[in-house]
Amino acid sequence: MSEQWGARRFGAGTGAPRTTSPAPSATGLSSAEAARRLTRHGPNAILEEPRASVWRRVLQQLRDPLSLVLLVAAVLTIATGDLSDASVILLVIMVNTTVGVVQEVRAEQAVMALSAMTAPTAGVVRDGEERSLPAAEVAPGDMVLVAEGDIVPADGDVLSAVSLLTDESSLTGESVPVEKAPGGDPSHGTVSAGTVVLHGRGRVAVTPTGAHSVLGRIATLMGAAPGPTPLQFRCRR
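Model, not experiment: these values are computed from the prediction.

> How should the side chain of Glu-168 be read in this particular structure?
Turning to its location among the elements, Glu-168 is positioned in the loop between β4 (156-167) and α6 (169-172). At 2.6 Å, the side chain of Glu-168 and the side chain of Lys-180 are in polar contact. Non-local contacts of Glu-168, meaning those with residues more than four positions away in its chain, are made with Gly-173, Glu-174, Val-178, Lys-180, Ser-187, Thr-190 and Thr-195.

> Can you walk me through unusual backbone geometry in this structure?
Leaving glycine aside, a negative phi is the common case for residues, and trans is the common case for peptide bonds. Non-glycine residue Asp-127 carries a positive phi angle of around 55°. Along the polypeptide, Asp-127 turns up in the loop between β1 (121-126) and β2 (129-134). One non-glycine residue, Ser-163, lies in positive phi territory at about 50°. Its place among the elements puts Ser-163 in strand β4. Classification of Ser-163 by relative accessible area gives partly exposed; the value is 46%.

> Help me understand the nonpolar core in this model?
One recurring pattern in soluble globular proteins is that nonpolar side chains are buried together. Within the largest apolar cluster, 15 residues are counted, with the highest numbers of intra-cluster contacts made by Val-124, Val-138, Val-144 and Val-146. Counting residues per element, the ones that place at least two in this core are β1, β3 (143-147), β4 and β7 (196-206). Within the second largest apolar cluster, 5 residues are counted, among which are Val-125, Met-143, Leu-145 and Ala-205.

> Mind showing me how you'd approach the pattern of salt bridges here?
For side chains bearing opposite charge, pairing can occur when the charged atoms are close. Evaluation of the coordinates by the stated rule reveals 6 salt bridges. Note that Asp-127 and Arg-131 form a salt bridge whose closest N and O atoms lie 3.0 Å from each other. Here Glu-130 and Arg-203 are joined by a salt bridge, their closest N and O atoms 3.6 Å apart. Linking Glu-130 in strand β2 with Arg-203 in strand β7, this pair joins segments that are 73 residues apart in sequence. Residues joined by salt bridges that share partners form a network here, namely Glu-33, Arg-36 and Arg-37.

> Sorry, what's going on with the environment of Ala-211 here?
Within the fold, Ala-211 resides in the loop between β7 and α8 (214-223). Sequence spacing of Ala-211 and Ile-46 is 165 residues, and the spatial spacing of their C-alpha atoms is 5.8 Å. Aside from chain neighbours lying at most four places away, what touches Ala-211 is Ala-45, Gly-216 and Arg-217.

> Just checking my understanding: could you explain a nonpolar patch on the surface for this structure?
A cluster of nonpolar side chains, Leu-68, Leu-71, Ile-78, Leu-83 and Leu-90, forms an exposed patch at the surface whose accessible area comes to about 420 Å². Within the residue set of the nonpolar patch, elements represented by two or more residues are α4 (65-79) and α5 (83-116). By the secondary structure assignment, Leu-90 is in helix α5.

> Can you walk me through the side chain of Arg-126 in this structure?
Along the polypeptide, Arg-126 turns up in strand β1. Classification of Arg-126 as buried rests on a relative accessible area of 6%. Excluding its chain neighbours within four sequence positions, the residues that come into contact with Arg-126 are Thr-27, Leu-29, Ser-30, Ala-34, Arg-131, Leu-133, Glu-137, Val-138, Ala-139 and Asp-142.

Rules behind the numbers
Residues numbered from 1 in each chain as written. Predicted model: local features only at pLDDT ≥ 70, side-chain atom pairs only at ≥ 80, totals over all residues. Heavy atoms only, no water. Helix = DSSP H or I, 4+ residues; strand = E, 2+ residues; numbered from the N terminus. Polar contact = N/O pair within 3.5 Å; in protein donor to acceptor, adjacent residues only side chain to side chain. Contact = heavy atoms within 4.5 Å. Buried < 20%, exposed > 50% of the residue type's maximum accessible area, 1.4 Å probe, protein only. Core = buried A, V, L, I, M, F, W, Y, C linked by side-chain atoms within 4.5 Å. Salt bridge = Lys/Arg side-chain N within 4 Å of Asp/Glu carboxyl O. Patch = residues over 30% accessible without salt bridge, like charges linked within 9 Å, V, L, I, M, F, W, Y side chains within 5 Å. Areas by Shrake-Rupley, 256 points an atom, 1.4 Å probe, with all protein chains shown as cover.

Right, dumping it as structure tokens:
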């Protein structure tokens, strides 16, 4: 990254750093310190669980205590010759299993969609130089450079900004651009991973990364298995 390009795109912003979070050095993190922090905190990425086959998902649903009770009931009704009741029970099992599998697939697709929102690369200051790195290599404490058209690679505190506007609709649903400036309240003095810079430029001190970012926490919640229903809870007691 040339000095001319960096000066044009990431020129010094206005405003002072937030007092609640000490500003990183003007030279940014050293390569050794960034590597140490990456080892400690992990990569700046949303980790995806291995995709399970449909049959594995079906078996997991059938292993639920409620499904096992219904299966036993279906077998007993078939044994007594009551085929009409057995058909109803089997229909209930089929519907319950189908709904469970569909919910799991939708949750997995939602996590994949969130992963697609992450930035592929990021401009950072390392060893006193502006560099372009894979976003997964951004570490807490890095100084990230953002400009119009960029996807914010990680959560962070705004250190300086020049007419910086971001689109946070992917996280908040708010369609109006949000102005960012250092030293403001959390909604204006911070940026979140996955949001898009609509205008201006700025420097950001990275705070949480990866699964600890706002986007990562949402992905974790969406990928978590749903809790048992009241009926399932009673069956397990």
